[in-house]
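Listed below, chain by chain, are the residues.
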Amino acid sequence: MVRTTTVDVPVGDGVADAYLVRPDGDGPFPAVLVFMDAFGPRPRLVEMAERLAADGHLVLLPNLFHRAGRAPLVDLSELGDPARRGAVFARLTPLMRALTPDRVAADTAAYLDFLATRPDVAPGPAAIVGYCMGGMNGLRAIAAHPERVAALASFHAGRLVTDAPDSPHLGVGAVTGELYFAHADHDPAMTADDIATLEKALDAAGVRYRSERYDGARHGFTMADTPVYDEAATERHWAALSDLLARTFGR
């Protein structure tokens, strides 16, 4: 059994609304941050956080767009309609752009500080699980806080490699933890060339990582509330994630 509550996490310029999911019992439990996709915290992501908690983790699922308001920030009925996704992304794109690397680093520190004050959280570094844009922001977060984040699992992330001087792949030299990347097949936001560039940067930095392409799976394949959901790829994602967290926390 798990317990799911909503909490407000103090950040430098306000509060971030979040879901907190923990196993029954006193703990302490190893901490996992779940970084959302662009559609934000919602029942599907809470369900995924609850599965992680059922495996013995205390999970914090923050609203990364908290500066724009409390979740949900989109009409969740739109997610299942491919014809309406373009309009949804048009509204969300400014929020994604506003989530700068500096803000990601500062907010992650606030999330980790919040977890560290809880007696039911085990001492030591946390892990991050990121979906879509959450994978990109998770890579920024572990690079910004290598001593506080021991592992990142990134699923169907886009824009890990860009031409910008602050492209996420350029910061991997700071990473000391382990990384796992699950790339969607034929993802225009993370092409084969982008994957090769990321892996070259990781190899040069000596980072421990696995980078895998999920053949036939589309961008967003873990999200059961969208038309791109792929059950087989999602089960593969759970197996890879469980393996990484077991190694990270010695469970």
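Structure first, text after, so check above.
Heads up: these notes are all about the structure in this document. Bear in mind that the values here come from a model prediction, so they are computed numbers and not experimental data. (Residues numbered from 1 in each chain as written. Predicted model: local features only at pLDDT ≥ 70, side-chain atom pairs only at ≥ 80, totals over all residues. Heavy atoms only, no water.)

**Quick word on the environment of Ala 201**
Alright, step 1. When you line up the elements, Ala 201 lands in helix H5 (residues 192-205).
Alright, step 2. Setting aside chain neighbours within four positions, we find Ala 201 in contact with His 169 and Val 172. (Helix = DSSP H or I, 4+ residues; strand = E, 2+ residues; numbered from the N terminus. Contact = heavy atoms within 4.5 Å.)

**Regarding the packing of helix H3 (residues 101-116) against helix H4 (residues 133-144)**
Alright, step 1. In the contact formed by H3 and H4, the axes pass within 9 Å of each other and the chain directions differ by 65 degrees. Comparing their axes, H4 and H3 come out roughly perpendicular. Viewed along their axes, H3 and H4 form a crossing whose handedness is right-handed. Across the interface between the two elements, Pro 101, Val 104, Ala 105 and Thr 108 from H3 touch Asn 137, Arg 140, Ala 141 and Ala 144 from H4.
Alright, step 2. Of the residues belonging to the contact of H3 with H4, the class tally is five nonpolar, two polar and one charged. (Axes fitted to C-alpha atoms, helices over the stretch in contact; angles between N-to-C directions. Parallel < 35°, antiparallel > 145°, perpendicular 65-115°, else oblique. Left-handed = near helix turned anticlockwise from the far one by under 90°. Nonpolar A, V, L, I, M, F, W, Y, C, P; charged D, E, K, R; others polar.)

**So, the environment of Asp 185**
Alright, step 1. Mapped onto the elements, Asp 185 comes out in the loop between strand S7 (178-184) and H5.
Alright, step 2. In the structure, Asp 185 is positioned 12 residues away from Gly 173 in sequence and 26 Å away in space, judged by C-alpha atoms.
Alright, step 3. A distance of 2.9 Å separates a polar atom in the side chain of Asp 185 from the backbone nitrogen of Gly 216. (Polar contact = N/O pair within 3.5 Å; in protein donor to acceptor, adjacent residues only side chain to side chain.)

**Focus: helix H1 (residues 43-54)**
Because each turn of an α-helix spans 3.6 residues, side chains separated by three or four positions in sequence point in the same direction.
Alright, step 1. Here H1 spans 16 Å end to end across 12 residues, near enough to the 16 Å set by a 1.5 Å rise per residue.
Alright, step 2. Along H1, the residues classified as buried are Arg 44, Leu 45, Val 46, Met 48, Ala 49, Leu 52 and Ala 53.
Alright, step 3. Of the surrounding elements, those touching the buried residues of H1 are strand S1 (2-11), strand S2 (14-23), strand S3 (31-35), strand S4 (58-62), strand S5 (126-131) and helix H6 (231-249).
Alright, step 4. Positive phi appears at Gly 56, one or two residues downstream of H1, with a value of about 105 degrees. (Expected span 1.5 Å × (residues − 1). Buried < 20%, exposed > 50% of the residue type's maximum accessible area, 1.4 Å probe, protein only.)

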